Amino acid sequence: MSFYDVRKGLPFRLAFKPKSAASPFGDALNAYDVAISGIPFLLKIDKENPLTRSTAQFRKQQLDTSLEPGEQSLSGWWLRSQSSFHYGAGIKYGDPELDETAAFRFTSSEGVNPWIPGQVSLLPTTTLIKAASGPVKVITGLSGGVEKYYRVDGADVWQGDASGTETKVYDGSATILDITTDGSDVYFATADDIMVIPGGSGTASQKWDLTAASSVVIGWVKQRLVAGINNSIYIPAFGSAILPAAVYSHPNASWRWTDIAEGPEAIYISGGVGSESVIIRLALDATGAVPTLTNATVVAQFPTGETVQSMHAYLGTYLGIGTSKGVRVAVMGTGGALQYGPLVDTPASVKCVTARGNGFLCGYSDGFTDGTSGLLRVELRSQFPNGAFPYATDLQSHAVGSVDSVAILPTSGLAIFGVTDSGVYREHPTDLETTGWLLTGRHRFGTVWPKLFKRFNVRGDFTGPMTVSTVDEDGNETSLISLTSGSDQSLDLAINYPSTPQEFLSLKFTLNRASDHTQGTVFRSYQLKSLPGGPRPRQFTIPLMCFDYERDRNEVTHGWTGFAMERLEALEALDSSGDAVLFQDLGSNTAILCTIEAMEYRQVDARGTNGSRWGGVLTVALRTLSS
């Protein structure tokens, strides 16, 4: 069948096979009103068939089925709140629906203590109690019932108190390679000797004779001194200056030991050669009055390029492991077995680990944002499903240099650590850091759709002022407000920047010390409010003529028998596919990408029109798509 175009005088048949959205209708000879993916129609607008334009639904409706009410129960704003930070740092996005730990985590921090559930406060500041050059190796102990630290200075050993007042307790000529203590006596090693300082302040004397060792590490574990000398392990016998036979020698003569620690059922010794590193276990045989060591077994092997630098066992369960890449925590099992978890990445090697309270304190060299050094804390009270433990930065030296050692003063419990070419730093017993900050995860509400971040609310005790800043998707940081003790915490505060839609937004909270240096801001919680910020979709309801023969606005008749059904079936095929369609307003020569939300064909005459079987009104609901 065909129809006759009076303007051209040529009979032809139009094909209405559905076209792609990229294939618009473009027949200039026919005065159609609209086209959908190349299928042309005339409009049928009257009182019974109005054309409507409306805002389509753009906000996802959520049903709260949890046992406790949550933010999804509330209407209007998109909300994100956080009232505790005790799972530590390390997240990128603050979307609890994607990572359940994100509800109590943040991206990074400096100078603040997040470990008390429900609050963030300033950490203690530190004091340089003794300036020193070169590597600064310190240990702690008691001497005459008074807490002391011992510092290696080249070939000398100094004893110091909590104020940094030092007395030289050993004046030597050979470089000291390592130092340890049994809690009272202090042992140190050179390439030729292992020496002892009785009570930490007596006259030093030779304990064991070495023979020009190139590498020595020593540790007091299981009520005995253990020494890793070159590629062998020794347990020197008291009462004899001659070393006994090695309890274990690595077959590679270039192998060197790096640290010694003890567990409930074994002694652990780390070592390696080149880029390879392992921890071996020396098992204990407790059948005699004094346990003796049995076989050496590898219980932990590390990825190539990651070498163990330091270890510390704690609570009979955990082994903190400092490596050239960062920190790992291992769980000690039956028979001395080890199972270590994921790496906490650090900018430099972790040369020292100790423990206090519920966590490990680890050397954090040149890792703060200004390039300075201090400590990193790994918290042991919680463990994530992947085996990792929470962590965050801790005490700061505000000095550049490698953190060589960390220890805890036995009476006061204060931390003390040494920084290369800077000196000995001690945690202040009362004074807080001048300032500290916490950066939240990127809030994107589980979608990449742009958001308009409009308002926020903060709760806390603003003894010292607290500044709130935004960090946008380009990393730009903008200060919003400084809150003080007189600030009204019941009010929502405006987010003036960024003012444009963003995929995500982070908040940065900067806490400050009060004029009384022992007090500062205590930050408790925040709430962020946003709205969907992308172009809102529109919905068109368009009544279309769908007859075999139709007369356009130029009074030209178009069609053939079956014309209505062909277009109806073509449009139904597009509807079934669910694909995007191109809607064209041919009168204004505009086009927009849409989806078909619904379509309805209504025919009120059983014979259609003009004697054809089909003919009626086709109503199509279209929803716009963003470009």
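Note: the structure precedes this text.
Fair warning: this is a prediction, and the values are worked out from it, not measured in the lab. (Residues numbered from 1 in each chain as written. Predicted model: local features only at pLDDT ≥ 70, side-chain atom pairs only at ≥ 80, totals over all residues. Heavy atoms only, no water.)

Caption draft 1: Structural detail: the packing of aromatic side chains. In the structure shown here, the tally under the stated rule is 24 aromatic pairs. Each ring, one from Tyr 187 and one from Trp 220, has its centre 5.6 Å from the other, and the planes form 10 degrees; the classification is stacked. Of this pair, Tyr 187 sits in strand β16 (residues 186-189) while Trp 220 is found in strand β19 (residues 216-221), placing the two residues 33 residues apart along the sequence. We classify Trp 220 as partly exposed; its relative accessible area is 23%. Between Tyr 364 and Phe 368, the ring centres sit 5.4 Å apart and the planes meet at 90 degrees, which makes this aromatic pair edge-to-face. (Phe/Tyr/Trp six-rings, centres within 6.5 Å; stacked < 30°, edge-to-face > 60°. Helix = DSSP H or I, 4+ residues; strand = E, 2+ residues; numbered from the N terminus. Buried < 20%, exposed > 50% of the residue type's maximum accessible area, 1.4 Å probe, protein only.)

Caption draft 2: Looking closely at the nonpolar core. Counting residues in each nonpolar core, the largest one holds 29 residues, and the members touching the most others are Phe 456, Val 458, Met 466, Phe 509, Leu 511 and Phe 523. When residues of this core are traced back to their parent elements, those giving at least two are β9 (120-122), β40 (451-461), β41 (466-471), β42 (477-483), β44 (506-512) and β45 (522-532). Filtering out sequence-adjacent residues up to four positions away, Phe 523 remains in contact with Phe 85, Gly 118, Gln 119, Val 120, Val 458, Arg 459, Gly 460, Met 466, Phe 509 and Leu 511. Ranked by size, the runner-up nonpolar core spans 21 residues in total, among them Phe 540, Leu 544, Met 565 and Val 581. (Core = buried A, V, L, I, M, F, W, Y, C linked by side-chain atoms within 4.5 Å. Contact = heavy atoms within 4.5 Å.)

Caption draft 3: Structural view of the side chain of Arg 281. Locating Arg 281 in the fold gives a position in strand β25 (residues 276-285). The charged side chain of Arg 281 is buried without a salt bridge, its nearest counter-charge being Glu 265 at 7.7 Å. Engagement of the side chain of Arg 281 in a polar contact is seen with the backbone oxygen of Gly 335, the distance being 2.7 Å. (Lys, Arg positive; Asp, Glu negative; His and termini not counted. Salt bridge = Lys/Arg side-chain N within 4 Å of Asp/Glu carboxyl O. Polar contact = N/O pair within 3.5 Å; in protein donor to acceptor, adjacent residues only side chain to side chain.)

Caption draft 4: Representation of unusual backbone geometry. Between Tyr 497 and Pro 498 the backbone carries a cis peptide bond, its omega angle lying at 0 degrees. If you trace the backbone, Pro 498 turns up in the loop between β43 (493-494) and β44. In the Ramachandran plot, Leu 315 falls in the positive-phi region, its phi being about 60 degrees despite a non-glycine side chain. Phi at Glu 555 is positive, roughly 65 degrees, even though this residue is not glycine. In this fold, Glu 555 is placed in the loop between β47 (549-551) and β48 (557-559). Judged by relative accessible area, Glu 555 falls into the exposed class, the value being 54%.

Caption draft 5: Representation of the sheet that holds strand β13 (residues 156-160) within the structure. The strand order across the open sheet formed by four strands is β11-β12-β13-β14, and the pairing between neighbours is antiparallel. Edge positions in the sheet fall to β11 (137-143) and β14 (166-171), since each has one partner strand and no second. Each neighbouring strand pair of the sheet contributes to a mean axis angle of 30 degrees, computed without reference to strand direction. Pairing of strand β12 (residues 146-153) with β13, which is carried by five bridges, proceeds in the antiparallel orientation. Among the inter-strand pairings, Val 152 is bridged to a residue of β13, identified as Val 157. (Pairing = 2+ DSSP bridges. Axes fitted to C-alpha atoms, helices over the stretch in contact; angles between N-to-C directions.)

Caption draft 6: Expanded view of the pattern of salt bridges. Following the criterion strictly, the structure yields 20 salt bridges and no others. Note that Asp 178 is salt-bridged to Lys 137, the shortest N-O span being 3.8 Å. You can see Asp 178 sitting in strand β15 (residues 178-181) and its partner Lys 137 sitting in strand β11, a full 41 residues away along the chain. Asp 178 sits in the buried class, given a relative accessible area of 12%. On the basis of relative accessibility, which here comes to 31%, the residue Lys 137 falls in the partly exposed class.

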